[in-house]
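# Observations on the three-dimensional arrangement
Listed below are the residues making up each chain.
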Amino acid sequence: MASFITQYIADVHELDGYLDGKPIVLDGSSLSLPQIAAIALYPPSPPTYAPSVELTSSQDVRAKVAASRAVIDTKVAAGLSIYGVSTGFGGSADTRTDDPLALGAALLQHQHAGVILPSTASPPSHFVGPMPLTDPTQGTTMPAPWTRAAMLVRANSLIRGHSGVRWTLVEKMVECIRKGLVPVVPLRGSISASGDLSSLSYVAGMLIGNPVIRVWMSAPRALRATGTSPLPLVSKEHLGILNGTAFSAGLASLVVRNTETIGVLGAALTALAVEALNGARGSFDPFVGEARPHVGQIEAAHLIYELLAGSQFAVGHEAEVKIEEDDGVLRQDRYSLRTAPQWLGPQFEELKHAKETVRVEINSTTDNPLVEPPKTEGADGVIHHAGNFQALAMTVAMDHLRLALAQIGRLMFVQLTEILNPLMNRGLPGNLAGGEAALDFGGKGLDIAAAAYAGELNALGGMNVGVGVVSAEMHNQSLNSLALVSARYTLTALEVSELLAASHIYILCQAVDLRAVRTEMHARTGAVVRSALSETLANAFTSDSLDIATRKVTPKILDELDQTTSVALGLRMTRVASAGVAPLLEVLTSDPSCCTSTLDLAQIAQFKQVLAQRLEALLTELRCAFMCVPLEEASLSSSSSRLPMFNIPPMGRAPASKYLAPRTRLLYEFVRLDLGISMHGSDNLRKTVYGMRARDQEVQQSWDAEMLEEAGLGKTVDTTHGDKVAMIVEAIRDGRIARVVARMCEGIDA
């Protein structure tokens, strides 16, 4: 079997093929998850192109359907007793009738038991009641994509020739899919035991034009509006439509497909997190997987390892140093990075298994009874009373997938919180503040929100729907899978996972920008230290001793910079400069080439002052360059009034790009350039966050519509953190990020 990543890339490209005009052909055996996504998520909406679906032209397939139908006609004509054709249903299968059409109508009648709000039968009322706690329609009906997926899956099942229905029925169902006719189906009420009977009964009701069935209008009106004639059903066809797992399998298909993106993002975001934290690529070395050869672990490690190739932020392996050289330094990356392959590996395997389970289901016949056409001419066909409608395979796949989402979410959450924590993020500002820590709390709100998402995922992941079945329908359906219920909960987990993944992407982009700021600051600090020493202590040093002093003082300065990210800028740089005094005195008193006879302690104080001012100026100019803020707009302390000192040009809209690996850069630049979400902190640096200025507190009675429109991304009043995360969520859900991730993974052969 192909690797998880290879399958994922193929799925992304397959969907794009249908969106570009490749037709989808139903043949009963080759329906794929991308095909279901194409039809379910892209309905006809002129002038926008919608993927097309058509029935196979294979005469063998048509002959099978015709032969299956002939078996039913022959046995009905002979007066033979067939379940669901001459008998009642389920626990009422001890009743008999010779009127199969009336029996079919009674089947639809008793299955139309789902609750849809608002009711169409309520009399008009002048009573003003309380507002509902949730939207009545959305809270009680299935979204149209679920139903379109179910109709496609059911049509694919019926075309297999085991259901005893006419080719005309399958054609009518496909016609409705093409025209965008979607019945309003109750959200709840299916136990997915004898298939999704109740849910599919609304599809049948639409096909026959039942006036009480809504197609986001009444069924007859919808059919007339689209030029679609209703189809009277014949014996067995009512049950043929209802008795299958199409809703469970259709929704499961959509959920599995989108969960694949979350799974691959788990690895891609781990790679970005390694870069943000200056982590070690060596944690994912192939040798590690060879020593513990779980397939999923090997695939995850290989993917992360290759994604990090060419990164200037990630280290290859931790350098081997003497004990005294790294005393007090974390010797290895924390679990959220170092054990990511071991954590993601089982989820990769679970995703592959779930996908294969669903693929089998959507290309299966899930009716009862099953019709086996005669194998030779003149022979009798066989009716099999069995249980292919029992959808526990879908339940187990969805239960396991929900747990996998919770596990992936746990990894993302831990990485996110560690990156925001200045005690754990290797020198980045707390909360990833772009401006002054006292007036910029950066991602703190997203940190809290992520905890809420992770907590909800934990609850959903620990829920095992498959063991919670209850007996139903005169104890006939004593075992019922609740597969549709499980798929619904897994979709909820998927949506929460998308919120968490989008938050993590937003935080990681901010983190790598700040890592680039720190890298630039560190790269320039040595020269600043040397110039301050040369200017204030020129009489104490030779050229060689000046170099020695610079090499001794600079590491202490850099360490103190990393330890003081939460301190106000002026005070911070005073403390940083003070950290250089001890190593400076050590050089002056131990190096015989230093001339200390004329040294004045005031020169040491002057060195501290000059160094502090220049470091403050350097960091301020870097912040402005990274956030494209003109220096004159930045809110500066008095000691920085002589800017610019360093003439650092603007770094552009994606300032960290040059440091990132070529593959991870694609996702970062998608956020920064395609979505237009800039590095956070410019408003804090300017002190233009809405509400910081006194005039913002005034009641703006005079604001007109044009002024109100100035709020938004890149506008006078910037939009919220949450709104920017929402843009990323939309890009996850509409497939744009899936395409970016597929490009990141292209050529990585696991």
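Residues numbered from 1 in each chain as written. Predicted model: local features only at pLDDT ≥ 70, side-chain atom pairs only at ≥ 80, totals over all residues. Heavy atoms only, no water.

## Digging into the overall build of the protein
So the rule is basically this: Only runs of H or I of at least four residues qualify as helices and only runs of E of at least two qualify as strands under DSSP, and these elements are numbered from the N terminus. Throughout this description, buried means an accessible area under 20% of the type-specific maximum (1.4 Å probe, protein chains only), exposed means over 50%, and partly exposed covers the range between. Contacts between residues were defined by any pair of non-hydrogen atoms, one from each residue, lying within 4.5 Å. The protein chains shown are the only cover counted for residues, whose accessible areas, like all others here, come from Shrake-Rupley with a 1.4 Å probe. The charge count treats Lys and Arg as positive and Asp and Glu as negative. His and the chain ends do not count. For the purpose of locating charges, the reference atoms are NZ of Lys, CZ of Arg, CG of Asp and CD of Glu.
Secondary structure summary: the protein contains 27 helices and four strands in total. Its C-alpha atoms give the protein principal-axis dimensions of about 120 × 70 × 45 Å. Burial status across the protein gives 53% buried among its 750 residues. Within the protein, contacts between residues separated by at least 24 positions form 79% of all contacts whose residues are at least 6 apart in sequence. Accessible surface for the protein amounts to roughly 32,300 Å². Of this, 56% is attributable to carbon and sulfur atoms. Counting 62 positive and 76 negative side-chain charges, the protein places the centres of these two groups 2 Å from one another.

## Brief notes about unusual backbone geometry
Note that the residue after Leu-117, namely Pro-118, is joined by a cis bond; omega there is -5°. Here Pro-118 lies in the loop between helix 4 (100-111) and helix 5 (136-140). Going from Asn-368 to Pro-369, the amide bond is cis rather than trans, its omega being -5°. Turning to its location among the elements, Pro-369 is positioned in the loop between helix 15 (340-362) and strand 3 (370-372). A positive phi is found at Cys-628, a non-glycine position, where the angle reads about 55°. As for its position among the elements, Cys-628 is in the loop between helix 22 (601-627) and helix 23 (662-674). A residue is classified by how much of its surface remains accessible, and Cys-628, at 40% relative accessible area, is partly exposed. Unusually for a residue other than glycine, Asn-647 sits at a positive phi of about 50°.

## Some thoughts on the environment of Asp-544
Relative to the helices and strands, Asp-544 resides in helix 19 (residues 543-563). Along the chain, Asp-544 and Cys-594 lie 50 residues apart, while their C-alpha atoms are 9.6 Å from each other.

## With respect to the packing of helix 2 (residues 33-41) against helix 11 (residues 246-276)
When two helices pack together, their arrangement is given by the angle between their axes and by how far apart the axes lie. The test is simple: The angle between two axes is taken between their N-to-C directions and runs from 0 to 180 degrees, where each axis is a line fitted to C-alpha atoms and a helix contributes only its stretch in contact. Oblique is the label for any angle not under 35 degrees, not over 145, and not in the 65 to 115 range, which are roughly parallel, roughly antiparallel and roughly perpendicular in turn.
Running from N to C, helix 2 and helix 11 point in directions that differ by 105°, and their axes come no closer than 9 Å. Comparing their axes, helix 11 and helix 2 come out roughly perpendicular. Listed contacts from helix 11 to Leu-33, Ile-36, Ala-37, Ala-40 and Leu-41 of helix 2 are Gly-250, Ser-253, Leu-254, Val-256 and Arg-257.

## As for the pattern of salt bridges
Pairing between side chains of opposite charge can happen when the charged atoms of each approach one another. Here is the rule we go by: What counts as a salt bridge is simple: a side-chain nitrogen of Lys or Arg found within 4 Å of a carboxyl oxygen of Asp or Glu.
All chains considered together, the criterion is met by 26 salt bridges. Across the pair Arg-426 and Asp-333 runs a salt bridge, and its minimum N-O distance is 2.9 Å. Of this pair, Arg-426 sits in the loop between helix 16 (392-420) and helix 17 (444-461) while Asp-333 sits in the loop between helix 13 (295-307) and helix 14 (335-338); the two residues are 93 residues apart in sequence, bridging distant segments of the chain. For Arg-623, the salt bridge identified is with Glu-436, shortest N-O distance 3.1 Å. Pair noted here: Arg-623 is in helix 22 and Glu-436 is in the loop between helix 16 and helix 17, with a separation of 187 residues, a long-range link. Through salt bridges that share partners, Asp-11, Glu-260 and Lys-355 make up one connected network.

## Digging into the packing of aromatic side chains
Here is the rule we go by: Aromatic pairing here means that ring centres of Phe, Tyr or Trp (its six-membered ring) are within 6.5 Å. Orientation follows from the plane angle: under 30 degrees is stacked, over 60 is edge-to-face, and everything else is tilted. Two conditions define a charge located above a ring, namely a distance within 6 Å from the ring centre to NZ of Lys or CZ of Arg, and an angle within 35 degrees of the ring normal.
Applying the stated rule across the entire model yields three aromatic pairs. We note Arg-488 situated over the ring of Tyr-489; from NZ or CZ to the ring centre the distance is 5.9 Å.

## Notes on helix 7 (residues 167-179)
Put simply, the rule reads: Helices are assigned an expected span. That span is 1.5 Å times one less than the residue count.
With 13 residues, helix 7 should cover 18 Å at 1.5 Å per step; its first-to-last C-alpha distance of 19 Å lies within 8% of that length. When helix 7 is considered as a whole, its buried residues turn out to be Trp-167, Leu-169, Val-170, Lys-172, Met-173, Val-174, Glu-175, Cys-176 and Ile-177.

## A short note on the packing of helix 18 (residues 483-536) against helix 23
Definition in use: Gly falls in the polar group here, along with every residue not listed as nonpolar (Ala, Val, Leu, Ile, Met, Phe, Trp, Tyr, Cys, Pro) or charged (Asp, Glu, Lys, Arg).
The interhelical angle for the contact between helix 18 and helix 23, taken along N-to-C directions, is 95°, at an axis separation of 10 Å. Taken together, the axes of helix 18 and helix 23 lie roughly perpendicular to each other. Facing Ile-505, Cys-509, Gln-510, Val-512 and Asp-513 of helix 18, the residues of helix 23 in contact are Tyr-668, Val-671 and Arg-672. Class assignment for the residues of the contact of helix 18 with helix 23 results in five nonpolar, one polar and two charged.

## Considerations on helix 17
Helix length check: helix 17 (18 residues) gives 26 Å between terminal C-alpha atoms against 26 Å at 1.5 Å per residue, within 8%. Where the residues of helix 17 are buried, they touch helix 16, helix 18 and helix 26 (721-733).

## Points about the confidence of the model for the protein
The following threshold applies: Each residue gets a pLDDT score, which is the predictor's confidence in that residue and runs from 0 to 100.
Chain-level statistics for the protein give a pLDDT mean of 90 and a share of 94% at 70 or above. The least confident element of the protein is helix 25 (residues 705-708), whose mean pLDDT is 54; the most confident is helix 23, at 98.

## Here's the deal with the environment of Pro-630
The residue Pro-630 is located in the loop between helix 22 and helix 23 in this model. Look at Pro-630 and you get partly exposed, because its relative accessible area is 30%. As for Pro-630 and Arg-686, which are separated by 56 residues in sequence, their C-alpha atoms are 9.4 Å apart.

## Describing the state of the cysteines
The following threshold applies: Note on terminology: disulfide denotes any pair of cysteine sulfur atoms within 2.5 Å.
Evaluation of the coordinates by the stated rule reveals zero disulfides. Here Cys-628 is not disulfide-linked; the sulfur of Cys-624 is the nearest cysteine sulfur, at 10 Å. Not engaged in a disulfide, the cysteine Cys-745 finds its nearest cysteine sulfur in Cys-509; these two sulfurs lie 16 Å apart. By relative accessible area, which is 1% here, Cys-745 ends up buried.

## Some remarks on the side chain of Thr-245
Mapped onto the elements, Thr-245 comes out in the loop between helix 10 (237-242) and helix 11. On the basis of relative accessibility, which here comes to 2%, the residue Thr-245 falls in the buried class.

## A short note on the side chain of Ser-657
Tracing the chain through its elements places Ser-657 in the loop between helix 22 and helix 23. Classification of Ser-657 as buried rests on a relative accessible area of 9%.

## Some details on the nonpolar core
The condition is simple: For our purposes a nonpolar core is just a set of buried Ala, Val, Leu, Ile, Met, Phe, Trp, Tyr and Cys residues, chained together by side-chain atoms within 4.5 Å.
Grouped together as the largest cluster of nonpolar side chains are 209 residues, with contacts concentrated most on Leu-265, Phe-541 and Ile-728. Broken down by element, the residue count for this core peaks at 25 residues, all from helix 18. If we ignore the near neighbours within four places in the chain, the residues touching Leu-265 are Thr-270, Met-412, Ala-501, Ile-505, Leu-667, Ile-732, Ile-737 and Val-741. Core analysis: the second largest hydrophobic core is formed by six residues, Ile-82, Val-85, Val-371 and Ile-383 among them.

## A word on the environment of Leu-308
With respect to the helices and strands, Leu-308 occurs in the loop between helix 13 and helix 14. For Leu-308 and Met-521, which are 213 residues apart along the polypeptide, the C-alpha to C-alpha distance reads 23 Å. Not counting the four nearest positions on each side in its chain, Leu-308 is found in contact with Ala-271, Val-274, Glu-275, Arg-281, Phe-284, Ala-314 and Ala-661.

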